[in-house]
Amino acid sequence: EAKTTGRDMACFYSMETDLRGQARQTMEQQLRRAIERGELSVHYQPRVGARSAQLLGVEALLRWNSALLGSVPPSEFIPIAEETGLIRSLGAWVLEQACAQWMRWQDSTVAGGALMGVGLSVNLSAVQLADPSLAADIRAVLERTGMPEQHLELEITESQLMESAPSVADQVVALKLLGVQLSIDDFGTGYSSLAYLKRFDIDRLKIDKSFVHDMLDDPADLAITRAIISLGHSLGLKVVAEGVENRATAQMLSALACEELQGFYFSRPLPVPELERWAHAYLGSDPLWRPGTAGGT
Ligand code: C2E
Ligand code: MG
Ligand code: MG
Ligand code: MG
């Protein structure tokens, strides 16, 4: 009796594994055709100054609306894109789209000029970082689109910098030589060695949203957030908090001298027309966010 159950279970598990494998394969097959089928788009999330309340930049975030699978979140398709190497073409596509879009924003009649001269952040995967032609490819996109390099910022996660081969250090140098800015994404969630902060020429730290989210309720998260801000400042870096979902958190971060804020409190990542409306309204109205009201430094 028990033996039969055991066998049935084993059979059930392997079938489940099998189905998961099939689902993965389907996703991979669909993802391969997503660009040519026009299923991909880029959304943009604003980042604002904690003191000035000014719109400082936007982060490009990839979206996939599959004809077969519906809307698939990046947390599901980015890992598959990385394992299959598809992230190279997806990443190149996002960069080209975002740079071309940024150029269209340099027109005072678009969104009332609200997006003129803002920073543009694009996420890079470790797989892209391992590609020796990355810097040359990025330079080609900058030249093709006319995007000025000093307005482009590349986001790399901490664990990607850490786990990488020595050649990655050369890659980071090559990227910096392009004149772009570099930020460390999801900071605080990677390895604890901080040596790479000294080794690489980094411009910004982005505090991971898992710390920001509960910092008002969880003293440990508050302590970590404080420590990251202080570490960033000691090294001459700007610090960005991501995952700011309410006004009280924004005020606390401003009081802690965190320079830049990003999160649903200001806006979710938006498709281009909505982002343009948001930016225009933000420029024209009383700032949603009034800095300096929490006391502080
Ligand atoms: P990320 O680069 O850390 O991007 C921030 C993520 O946090 C986005 O999720 C954004 O929607 C979400 N977020 C922003 N503000 C808040 C908030 O206040 N609360 C909460 N709960 N979440 C917030 P999204 O768009 O689902 O992207 C997830 C991750 O997928 C990104 O994390 C990034 O690592 C990756 N990703 C997205 N687009 C690309 C891309 O074009 N290339 C690469 N390599 N990775 C990408
Ligand atoms: Mg990012
Ligand atoms: Mg992040
Ligand atoms: Mg992330």
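The structure under discussion appears in the preceding block.
Criteria and thresholds
- Residues numbered from 1 in each chain as written.
- Chains lettered and ligands numbered in written order.
- Predicted model: local features only at pLDDT ≥ 70, side-chain atom pairs only at ≥ 80, totals over all residues.
- Heavy atoms only, no water.
- Axes fitted to C-alpha atoms, helices over the stretch in contact; angles between N-to-C directions.
- Helix = DSSP H or I, 4+ residues; strand = E, 2+ residues; numbered from the N terminus.
- Parallel < 35°, antiparallel > 145°, perpendicular 65-115°, else oblique.
- Left-handed = near helix turned anticlockwise from the far one by under 90°.
- Contact = heavy atoms within 4.5 Å.
- Core = buried A, V, L, I, M, F, W, Y, C linked by side-chain atoms within 4.5 Å.
- Buried < 20%, exposed > 50% of the residue type's maximum accessible area, 1.4 Å probe, protein only.
- Pairing = 2+ DSSP bridges.
- Donors = N, O, S within 2.8 Å, 3.2 Å for Na, K, Ca; no water.
- Near = heavy atom within 4 Å.
- Polar contact = N/O pair within 3.5 Å; in protein donor to acceptor, adjacent residues only side chain to side chain.
- Areas by Shrake-Rupley, 256 points an atom, 1.4 Å probe, with all protein chains shown as cover.

J.: Can you help me understand the packing of helix 3 (residues 87-104) against helix 5 (residues 134-145) in this one?
T.: When two helices pack together, their arrangement is given by the angle between the helix axes and the distance between those axes. Here helix 3 crosses helix 5 at 30°, and the two axes come no closer than 9 Å. For the element pair helix 3 / helix 5, the angle class is roughly parallel. Relative to helix 5, the crossing made by helix 3 is right-handed. For the pair formed by helix 3 and helix 5, the contact residues are Leu95, Glu96, Cys99, Ala100 and Met103 on the first element and Ile138, Val141, Leu142, Arg144 and Thr145 on the second.

J.: Help me out: how do you make sense of the nonpolar core in this one?
T.: Side chains of nonpolar character tend, in soluble globular proteins, to be buried together. Counting 83 residues, the largest nonpolar core has Tyr44, Leu120, Leu152, Leu175 and Leu261 as its most contacted members. Broken down by element, the residue count for this core peaks at seven residues, all from helix 3. Beyond its immediate chain neighbours, meaning those up to four positions away, leucine 152 contacts Leu95, Leu120, Val122, Ile138, Leu142, Met147, Val180 and Gln181.

J.: Any chance you could explain the pairing of strand 5 (residues 152-157) here in plain terms?
T.: For a regular strand, side-chain orientation follows a simple rule: the groups alternate between the two sheet faces. Within strand 5, six of the six residues are buried, which leaves it mostly tucked inside the rest of the structure. The alternating pattern of strand 5 places Leu152, Leu154 and Ile156 and Glu153, Glu155 and Thr157 on opposite faces, both of which are buried. Relative to strand 5, strand 4 (residues 119-123) runs parallel, the two sharing four bridges. Bridging across to strand 5, asparagine 123 finds its partner in glutamate 155. Taken together, the five bridges between strand 5 and strand 6 (residues 181-187) define a ladder with parallel strand orientation. Bridged to leucine 154 within strand 6 is leucine 182.

J.: So what exactly am I meant to see when it comes to the coordination of the magnesium ion (ligand 2) here?
T.: Think of it this way: four donors in a tetrahedron around the metal ideally sit 109.5 degrees apart, and six in an octahedron ideally sit 90 or 180 degrees apart. The protein atoms donating to the magnesium ion (ligand 2) are Glu59 (OE), Asn123 (OD1), Glu155 (OE) and Asp185 (OD), with metal-donor distances spanning 1.9 to 2.2 Å. Each donor residue of the magnesium ion (ligand 2) belongs to the same chain, with the gaps between them written as E-x63-N-x31-E-x29-D. Looking at asparagine 123, the relative accessible area reads 28%, which means it is partly exposed.

J.: Even after reading the chapter, I still don't get the site of ligand 1, so can you show me in this structure?
T.: Neighbouring residues of ligand 1: 23 residues in total, closest Arg63, Asn123, Asp185, Glu245 and Phe264. A distance of 3.0 Å separates an oxygen atom of ligand 1 from a polar side-chain atom of glutamate 59. Aspartate 186 is positioned with one of its side-chain polar atoms (N or O) 3.2 Å from an oxygen atom of ligand 1. Relative to its unbound accessible area of 800 Å², ligand 1 is 83% covered by the protein chains.

So yeah, pure geometry; function would need other evidence.
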